[in-house]
Amino acid sequence: GSAFRARMAAGQLALGSNLRLSRSAEAGPILAACGFHWAMLDFEHSPASPHLAHDIALSAIRAGVLPMARPSSHDPREIAGLLTNGALGLVVPHVDTPEQAAAVARAARFAPRGGLSVPGTLAHFGYDKGLAEACALFNDEVVVTVMIESRTAVENVEAIAAVPGVDGLFIGGSDLLWDLGLPGQYGAPALLDAVQRTCAAARRHGLFAGMGGPRDEAPWRGFLSAGMRMILTENDLSLMMRGARDRLSFFEGA
Ligand code: 3PY
Ligand code: MG
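Residues numbered from 1 in each chain as written. Chains lettered and ligands numbered in written order. Predicted model: local features only at pLDDT ≥ 70, side-chain atom pairs only at ≥ 80, totals over all residues.

A. How the structure looks around the site of ligand 1. Taken together, the residues surrounding ligand 1 are E149, G172, G173, S174, D175, G212, G213 and L232. For the shell around ligand 1, the leading source of residues is helix α9 (residues 173-179), giving 3 residues. In terms of residue class, the shell around ligand 1 is made up of 1 nonpolar, 5 polar and 2 charged. (Near = placed C-beta within 6 Å. Helix = DSSP H or I, 4+ residues; strand = E, 2+ residues; numbered from the N terminus. Nonpolar A, V, L, I, M, F, W, Y, C, P; charged D, E, K, R; others polar.)

B. View of the UniProt feature "domain: HpcH/HpaI aldolase/citrate lyase" (unreviewed entry) in the protein chain. Within the UniProt annotation, "domain: HpcH/HpaI aldolase/citrate lyase" (unreviewed entry) is assigned to residues 30-209. Across residues 30-209, helical content stands at 45% and strand content at 14%; the span's end C-alpha atoms are separated by 25 Å. (UniProt positions renumbered as here; feature names shortened; annotations may be inferred.)

C. Quick look at helix α4 (residues 76-84). Burial in α4 covers these residues: I79, L82, L83 and T84. Looking at the buried residues of α4, the elements they touch are α3 (51-63), β3 (66-70), β4 (89-92) and α5 (98-107). (Buried ≥ 20, exposed ≤ 12 C-beta atoms within 10 Å, placed from the backbone. Contact = placed C-beta atoms within 7 Å.)

D. Quick look at the packing of helix α10 (residues 189-204) against helix α11 (residues 217-226). The N-to-C vectors of α10 and α11 enclose an angle of 20°; their axes lie 9 Å apart at closest approach. In terms of orientation, α10 and α11 fall into the roughly parallel class. Considering the relative orientation of α10 and α11, their crossing is right-handed. Together, L192, V195, Q196 and C199 of α10 and G222, F223 and A226 of α11 make up the contact between the two elements. Taken together, the residues that form the contact of α10 with α11 break down as 5 nonpolar, 2 polar and no charged. (Axes fitted to C-alpha atoms, helices over the stretch in contact; angles between N-to-C directions. Parallel < 35°, antiparallel > 145°, perpendicular 65-115°, else oblique. Left-handed = near helix turned anticlockwise from the far one by under 90°.)

E. Broad picture of the packing of helix α2 (residues 27-34) against α3. Direction vectors running N to C along α2 and α3 enclose 35°, while the axes themselves pass 7 Å from each other. The two elements α2 and α3 meet at a crossing, and its hand is right-handed. Contact residues: A27, G28, P29 and A32 in α2; I56, S59, A60 and A63 in α3. Looking at the contact of α2 with α3 residue by residue, the class counts come to 6 nonpolar, 2 polar and no charged.

Printed below as a string of structure tokens:
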């Protein structure tokens, strides 16, 4: 996570893709070759098994792509399974309160900074480090982001940003727009307002802000100028469909 953190500290963009389909350890090196900085291993909205955290995450780290897992819950046991098997970051869905943020932040680091259960071996940094050294390094390297994706979360965003151990705030545009009664309306002023509030809270507390969302460029201009830096560009399914449609339309028109 140190290369990712350096990009955030310098105000640069960190570009990621959500992996919904990819099940192979090739995913990380492929994303690296395309210029991506991070990947989201999605366990909330994909049928992937937690094996993915091991198979994809470790090769992604070696390729220079930060593997961030999105768990399906806040359960510390699920979070521990993902992090101790290879993921080096979290994008935790539906964090609405500072209490929830504090609990997931604790679940993501080893003592004394948290309550993450210590495995026999931690493979993220190679197999030559002692366990104590690897766990201390993990505590510094892991990147913990919480998803702001409801009206309640936006109301609490300042308090959530103040929670120790939270590194970034990540807006879930789809869920937030649904909660606002504006499904799919990425150009809605209410979303830009939530983005600006989230970016301002992040700045005040030394965090970074990120989001995923629309295909259109117009809303992105507002989100980027508000300070969004950790960007979920799209997912492997949509990338494949877009590439396939481009290619097929060439042959259909030939
Ligand atoms: C959302 O938009 O709600 C997501 O969870 C993904 O970005
Ligand atoms: Mg969501």
